[in-house]
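Structural features, examined
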Amino acid sequence: MKRSFVIVAGLVAVLACGSVYADTVNFDEFNGVYYGADGAGGFSSHGAQFNNTYTDYGSGMYSWAGWAYSNATDTTTPGYENQYSAVTGKGANNSASYGVAYFMEYTNYRPVIELPAGCSAESMMVTNTTYAALTMLNGSYPATKFGGDDGNDEDYFKLIITGLDDGGSAVGTQSFYLADYRFADNSLDYIVDEWTTIDLTSLAGARKLEFSFESSDVGNYGINTPTYFAMDNLVITPEPTTLILLLGASLVALRKR
């Protein structure tokens, strides 16, 4: 009985995570732009769940928050109408599709990724959206131009990734600056415009990844900078306990033979 239990437990853990090897959520199975208009409340990829909320106000007016996926390529058009384009015009490694996250601050609806059971996040690649990047570069009321007219304003736009356990408690945070103008030498100021890898191993044990922002540009209603980012190539790996269960199952099976 014990042998059967160990074998089943090991197999369940591995199947939940998808593989005993690292897996990459890259959105390559998707085409077009999806922002939740079907009311499904989200979508899944490689066992990871991406949240979404969508409201249809009629007459072509709608709002959404959480996660979308996209293959939009517009790197030059400013403004909200171009909210689904990565500033790179493509996914990581020249792929067509990628994820787009939007944090609706006034309702506190945050983008969340629920990881497959038995898996931890190892890394992910991020970049700015065209909408956010051009707003920071040029300004668009009420958002201001980063650096100001003389380039000396110490502006920044920071992505905050919080790892949450099964009970919703934080296991850790990881920050990444999508733009940083705080350098004494203005030539070092930057707005991220390429896919960049973030190490997430400090969030081992997290069941969910929750995303929020900080910005130097804040008004009466919160952050003025468009609270978007693009994501691709989320690498997920089996947790050590999953591998131990599989090893135990394998040894018991061999012993039984």
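Quick look at the structure, then. Nothing here was measured: the structure is a model prediction, and the numbers come from that model. Chains are numbered independently. Their residues run from 1 in the order of the written sequence. For a predicted model such as this one, the threshold for reporting local features is a pLDDT of at least 70, and the threshold for listing and counting side-chain atom pairs is 80 or more; totals across whole chains, interfaces and linings nevertheless cover every residue. The basis for every side-chain value is the complete set of non-hydrogen atoms in the structure, without hydrogens or water.

Next up on the list: the overall build of the protein chain. A run of DSSP states H or I qualifies as a helix once it reaches four residues; a run of E qualifies as a strand once it reaches two. Both are numbered from the N-terminal end. Looking only at helices and strands, one finds three helices and 15 strands in the protein chain. Sorting the 257 residues of the protein chain into buried and exposed places 49% on the buried side. Total accessible area on the protein chain is roughly 12700 Å²; 52% of this is exposed by carbon and sulfur atoms. Only protein chains enter the accessibility calculation, which uses a 1.4 Å probe; a residue is then buried when its area is under 20% of its type maximum, exposed when over 50%, and partly exposed in between. We get accessible surface area from the Shrake-Rupley algorithm with a probe of 1.4 Å; when it comes to residues, only the shown protein chains can shield them.

Two rings from Phe, Tyr or Trp (for Trp, the six-membered ring) form a pair when their centres are within 6.5 Å of each other. A pair whose planes differ by under 30 degrees is stacked, one over 60 is edge-to-face, and the rest are tilted. Applying the stated criterion across every chain yields a total of 30 aromatic pairs. When the centroid spacing of 6.1 Å and the interplanar angle of 35 degrees are considered together, the rings of Y35 and Y54 count as tilted. Taken together, the positions of Y35 in the loop between strand 1 (23-25) and strand 2 (42-45) and Y54 in strand 3 (residues 48-58) put the pair 19 residues apart, joining distant regions of the chain. Given a relative accessible area of 22%, Y35 falls into the partly exposed group. Measuring from centroid to centroid gives 4.9 Å for Y35 and Y62, while their planes differ by 10 degrees, and the two rings are stacked. Of this pair, Y35 sits in the loop between strand 1 and strand 2 while Y62 sits in strand 4 (residues 61-70), and the two are 27 residues apart along the sequence. Look at Y62 and you get partly exposed, because its relative accessible area is 23%. Cluster of aromatic residues (ring-pair linked, three or more members): F27, F30, Y34, F43, F50, W67, Y69, F103, F157, F211, F213 and F229.

Here we come to the pattern of salt bridges. Side-chain pairing between opposite charges can occur once the charged atoms of the two side chains come close. Whenever a carboxyl oxygen of Asp or Glu lies within 4 Å of a side-chain nitrogen of Lys or Arg, that contact is scored as a salt bridge. In this structure the tally under the stated criterion is four salt bridges. With its nearest N and O atoms 3.4 Å apart, the salt bridge here joins R110 to E210. With R110 in the loop between strand 5 (98-102) and strand 6 (112-114) and E210 in strand 12 (residues 208-215), this pair connects stretches of sequence that are 100 residues apart. In this structure, E214 and K158 form a salt bridge, with 3.4 Å as the shortest nitrogen-oxygen distance. Within this pair, whereas E214 is found in strand 12, its partner K158 is found in strand 8 (residues 156-164), the two being separated by 56 residues in sequence. Since its relative accessible area comes to 32%, E214 is described here as partly exposed.

Let us now look at the layout of surface pockets. Only protein atoms enter the 1 Å grid used here. Points where a 1.4 Å probe fits but cannot escape make up a cavity, open sets with protein on both sides within 12 Å along at least five of seven lines make up a pocket, and a residue lines them when an atom lies within 4 Å of a point. Grid points are joined across faces, edges and corners, and a volume is the space filled by probe spheres set on the points. In this structure, the largest pocket spans a volume of roughly 630 Å³. In terms of lining residues, the largest pocket is bounded by 27 residues, among which Y102, Y131, I223, N224 and T225 are the most central. For the lining of the largest pocket, the secondary structure elements donating two or more residues are strand 4, helix 2 (130-138) and strand 14 (222-223). For the lining of the largest pocket, the leading source of residues is strand 4, giving three residues. Basically, the charged four are Asp, Glu, Lys and Arg, the nonpolar ten are Ala, Val, Leu, Ile, Met, Phe, Trp, Tyr, Cys and Pro, and anything else, Gly included, counts as polar. The class makeup of the residues in the lining of the largest pocket is 15 nonpolar, 11 polar and one charged.

Among the secondary structure elements, L159 is positioned in strand 8. Taking C-alpha positions, L159 is 6.6 Å from L178, a pair spaced 19 residues apart along the chain. Throughout, a residue-residue contact means that at least one pair of heavy atoms, one from each residue, lies within 4.5 Å. Apart from the residues lying within four places of it in its own chain, the contact partners of L159 are V126, Q174, S175, F176, L178, I198, F211, S212, F213 and F229.

Topologically, S63 is positioned in strand 4. The exposure class assigned to S63 is buried, which follows from its relative accessible area of 14%.

Looking now at a nonpolar patch on the surface. Think of a patch as exposed residues, more than 30% relative accessible area, with no salt bridge, where like charges cluster within 9 Å and nonpolar side chains (Val, Leu, Ile, Met, Phe, Trp, Tyr) cluster within 5 Å. A cluster of nonpolar side chains, contributed by Y57, M61 and Y106, occupies part of the molecular surface with about 430 Å² of accessible area. Tracing the backbone shows M61 in strand 4. A residue is classified by how much of its surface remains accessible, and M61, at 54% relative accessible area, is exposed.

You can see T227 is positioned in the loop between strand 14 and strand 15 (228-238). Here T227 falls in the buried class, since its relative accessible area comes to 6%. Among the polar contacts made by the side chain of T227, one reaches the main-chain carbonyl oxygen of F103 at a distance of 2.7 Å. Leaving out residues up to four positions away in the same chain, T227 has contacts with A101, Y102, F103, F157 and F213. Two N or O atoms count as a polar contact when they lie within 3.5 Å, although within protein this holds only if one can serve as hydrogen donor and the other as acceptor, and sequence-adjacent residues are included solely when both atoms are side-chain atoms.

What follows deals with a negative patch on the surface. A residue counts as positive if it is Lys or Arg and as negative if it is Asp or Glu; His and the chain ends are not included. Just so you know, the charge point we use is NZ for Lys, CZ for Arg, CG for Asp and CD for Glu. Side chains of D149, D150, D153 and E154 sit close together on the surface and give a patch of like negative charge. Tracing the backbone through its elements, the reader meets D149 in the loop between helix 2 and strand 8. You can call D149 exposed: its relative accessible area is 81%.

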